[in-house]
Every structure is written in C-alpha cells, then in structure tokens.
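# Residue-level structural notes
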Amino acid sequence: VSLLASPVAGMVDMPVRCPKDLRPQEILRVRPGLQSESESELWHMAFFFDMRQVTVADAIFGVLTTLFVCTVLCGASLTLSSDANALVLRPVERMVRKVDAIRENPLLAIQMVESQMKAEDIAQTRRSRTVSLDSISVRQVRLAYVLQLISSFKQRLWPVREEEEMMETVVLERTIMKLGTLLALGFGVAGVRVVSNNMRSLGSASVDAMVSGVRVDCIIGVARIRNFSTATEVLQTKVMTFVNQIAEIVHGLVQEYHGAANRNNGATFLLIWRLEDEGSRARLADMSITAFMRMLAEVHQSHVLARYRAHPGLQQRLGSSFRVDLSFGLHLGWAVEGAVGSEFKIDASYLSPNVSIAESVEKATRVYSVSIIASETVIGACTAGVAEKCRLIDKVVIRGSREPLELHCLDLDVSRLAVRKPVQLECWNVRQRFKARQLMEVQKQRKLLAMDVFKQECSKDVMMMRHCFTADFFQLFNMGYQNYSEG
C-alpha cells in the first residue's frame, strides 16, 4: 500500500504509486529487525519513506560547499601569486630593466639612485606627517589614540627592525644601482663606451677593457691648485680632504655648466666640454669660461677653504697673505676618448696634443700673472659678448700646435671678494646632498635655455672682481700690445 499514491496538501506534492518509481537515494526502507529469515520469506512488512526533500537539501549543500572550496582555493592562489609577483617577479623585472638601461647608458645609474632617494624621501615624509588637532573631531582623536596604543603594544611584543623588513630582492636591486653608480663615477663620460660594450657582450663572462677609442671635438680645460706641493708637505694626510674640498667646487660647477670632470692628478683637474654639434659650440664655449670664472670666485669665497689662510704651517712657508688659489687654461680641439691601461688597471681619459696644449696654456698663467687664460680657438667659438670681455695678452708658439696661438685672459681681481658666512644646516647627510643635486639640475637646465649665460652669471661678486679693469685700462693695454706685436 503506498501512502504517497495520492497528493496530500502540505505534505505530498509528487504522488508515487510504488517506491520503485523513486531513485534508490530518495528511498529510506525500514523493516523489522527481530523477524527471522524464514519468517520473512513467508511474510514481512516494510515501510518506505520519501527522502526527496532531504536529498535536494543535501545536493544544494554539496553545491554550496564546492563553490566555497573553489572560492577559497582561488583566493589563496591569487594571494600567493600576488605575493610572488610583489616579492619576486616584479623586483626581478625591475632589476632586468635597470641592468638593460645601465647597459645602454651607464650614466643613467646616477639618475636611478636619485629617483630612488626621492621616492624614499617622499615615503618618509608621508609617514612622519602629523595632522593638526584643530582640524579633526574628538572622536577621531580618540580613535587615533587607541590605534597608537595598539601599535605601540604590538611594537613592544614583536619588535621589527628595518634590516629585517628589507627583502633580499630589494638588497640586490639597490646593490645593482650602487654598482652602476660607482661605475659611472669611476669611469665618467669617457668610460661610457668601455662599460657599455662589456655589458652588452653577454656571451662570455670575460671583461675586455681594450676598447678602441673614438675621436671627439671638445673644449679641454685644465685647473691647477697653486702651491700644491708645499700644501702637501704641510698638510700631510689632511691633503686628501683639502683636494676633495676643492674638487667639490670644481666638479659641481663643471657639471652645472654642462661639462664633465675627467681625471685628477693631485694638483690638476682635466675638464671636458664635448661638442656634439655645431649649434652648441658657442654656448658651451661661453659656459666653459663662465664656469672657470665661477670656480675662481667660489674658491675665494668659501668659508671652508678660508680656514687654510690661518694655518700656521702654510703661513710660515707661503707668507701671511696665503690664499687657496686656482689657475685655469682652456683650449678647443679634438681628442681621442677611450680607456688607457692594461688588463690589471685602466683609466678612461682623453689623449691628444690638444690636451698638452691646454696644460701649456694653464702653465702660462704663472708667466702672465693671471688666473684664467683661453686660447684663440676657444675665444673664436665664443659669442661676441663673451669674447670682448677677454683681453688679448700674447701670441706664442706652443709645443703641439703647428701655428702660433693667441692667448686671451679674463681679468678678475679676487682680492676684492669677501668670505661668505657659513650657513647653519640641521644635518648635512645623503638626503641633503640629494636635494642639492636636484637644485643643481634645475640650475643646469636654466643655463641651457639662457640667451646669454655670461651676462646672467654676472652677479655683484663678478662685477666687483672686474671693477678695477676700466675701459681706459683696456685701451692703454691694447695700445701697448699693438706696439709690442709690431716690434
């Protein structure tokens, strides 16, 4: 007898004539358990219950369980993949891009370090930013106070050091940038081809430093520290600090005026302005003379270098009127840019008779008792406004030059300059130096766009140095020079 043969309101919606019409999992069979097998063969009674509602509920629960498990697995896989991307894949891709950029141009490593320091500075500023209590409500103040307590409590329980937070990929990425920066600083502009060619040849791990040179047109400048041998004997081990203090001024101004420092042989600095095209020749010639004028003024106004005036040893050897002083020589010509040395040690430099001519022009400053001398090749490349500021002092034969060269000097009286007062800085560290470099980059771009660089840089100090050189002086000297040149 089937109790499900007819529908019952609220209980049986799908009538079934016989339990066999249902699927096995939809039937629950109940029979007496105490009846023997022989008795059950004669007759037995069994009850069949409809389990379709329970089966449907189980099926829905199973589908939901499957969906939940799939969601959890997908979330976990996305989390793991995001961690792998953030901690491994993206840093490795960044390192590969940086290595490729350094391979193309090693000087980009310096810009990478500056960009990294700028990002770190911005992040540190955001972390240390404070909110004024007047601009927030009391509820926000209480919430911030609670969060601060929780943060301090977690810090006490689980102290975290910055060294532990830094990942190995970050360390490797910063190491690549530092190595690239050291390569750029060590080799300079002249060694770009050596570094680039070796990094491009990935077929072998060997280093080929014997790269052929390339001929370039450039303005060659030589700056010399006067009385350097005496200063070395007196200062002894402190002479390194002395040279580096001067080099900071010389290299900084050369870079600001679109030049490049090449090498330093103790007393002398070799400085280069590469002439990429004819359009930039006049502007770079003006910048080279202006840079030397600024260097001379900055050296005599520096409060750091002014301390050596009172050094007892230097005063005893060089007199009470001793000052740290520089002399400069400028010449325009070709030079071979490349690496000089062997497989044990190489130096990126410039080789040319014109380099020797520039050194001879600088040595002539001691003969004519002036600070800056430029050859006629540089004056001829300058604009008319800068060329008229330079005075023709002689025409001489210099070893390495086929023709006699006219020598021009820029008249400056440095004795009129006063030492600047020291600026009190809170803390001169790497970040402060980075900000100074950013300011120098801005000034560098402004000088590139300036119409008249020399006139723009004629500050009160420059006008003071040239005050005693009047029009009468130049007319009288030109008259004497004409008589001298005519014999």
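This text follows the structure it describes.
Residues numbered from 1 in each chain as written. Predicted model: local features only at pLDDT ≥ 70, side-chain atom pairs only at ≥ 80, totals over all residues. Heavy atoms only, no water.

### Details of the packing of helix α2 (residues 52-104) against helix α7 (residues 192-200)
Close contact between α2 and α7 brings their axes to 7 Å; oriented N to C, the two are set at 130°. Our classification of the angle between α2 and α7 gives oblique. Side by side, α2 and α7 meet where V99, I102, R103 and E104 of the first sit next to S196, M199 and R200 of the second. In terms of residue class, the contact of α2 with α7 is built from three nonpolar, one polar and three charged. (Axes fitted to C-alpha atoms, helices over the stretch in contact; angles between N-to-C directions. Helix = DSSP H or I, 4+ residues; strand = E, 2+ residues; numbered from the N terminus. Parallel < 35°, antiparallel > 145°, perpendicular 65-115°, else oblique. Contact = heavy atoms within 4.5 Å. Nonpolar A, V, L, I, M, F, W, Y, C, P; charged D, E, K, R; others polar.)

### Considering the packing of aromatic side chains
Going through the model one piece at a time under the given rule, you end up with seven aromatic pairs. Their ring planes at 70° and their centres at 5.4 Å tell us that F473 and F474 sit as a pair that is edge-to-face. F473 gets classed as partly exposed once you look at its relative accessible area, which sits at 30%. An aromatic cluster is defined as three or more aromatic residues linked by ring pairs; in this entry it consists of F469, F473, F474 and F477. (Phe/Tyr/Trp six-rings, centres within 6.5 Å; stacked < 30°, edge-to-face > 60°. Buried < 20%, exposed > 50% of the residue type's maximum accessible area, 1.4 Å probe, protein only.)

### Focus: the pairing of strand β6 (residues 326-341)
Buried residues dominate β6, accounting for twelve of its 16 residues. Where strand β3 (residues 214-225) and β6 come together, twelve bridges link them in antiparallel fashion. Across the sheet, residue I220 finds its bridge partner in β6, namely H331. As paired elements, β6 and strand β8 (residues 372-375) share three bridges and run parallel to each other. Paired with L330 across the bridge in β8 is A374. Inspection of the sheet shows β6 paired to strand β7 (residues 346-351) by six bridges, in the antiparallel sense. Following the sheet pairing, G341 is matched in β7 by I346. (Pairing = 2+ DSSP bridges.)

### Examining a nonpolar patch on the surface
A surface patch of nonpolar side chains, amounting to about 780 Å² of accessible area, comprises L28, V30, L42, W43, M45, F47 and F49. Every element with two or more residues in the nonpolar patch is listed here: β1 (27-30) and β2 (47-50). Structurally, the position occupied by L42 is in helix α1 (residues 37-42). The exposure class assigned to L42 is exposed, which follows from its relative accessible area of 74%. (Patch = residues over 30% accessible without salt bridge, like charges linked within 9 Å, V, L, I, M, F, W, Y side chains within 5 Å. Areas by Shrake-Rupley, 256 points an atom, 1.4 Å probe, with all protein chains shown as cover. Salt bridge = Lys/Arg side-chain N within 4 Å of Asp/Glu carboxyl O.)

### Side note on the pattern of salt bridges
Counted by the stated rule, this structure contains 16 salt bridges. In this structure, the salt-bridge partner of E362 is R224, at a minimum N-O distance of 2.7 Å. Of this pair, E362 sits in helix α12 (residues 353-368) while R224 is found in strand β3, placing the two residues 138 residues apart along the sequence. Residue E362 is classed as buried on the basis of its relative accessible area, which comes to 0%. Its salt-bridge partner being D411, residue R391 comes within 2.5 Å of it at the nearest N-O pair.

### Description of the packing of helix α9 (residues 239-256) against helix α10 (residues 281-301)
Where α9 contacts α10, the axes come no closer than 10 Å and their chain directions differ by 150°. As summarised for this structure, α9 and α10 are arranged roughly antiparallel, according to the angle between their axes. In the packing of α9 onto α10, the handedness of the crossing is right-handed. Contacts between α9 and α10 involve I249, V250, L253, V254 and E256 on the former and, on the latter, A291, R294, M295, E298 and V299. (Left-handed = near helix turned anticlockwise from the far one by under 90°.)

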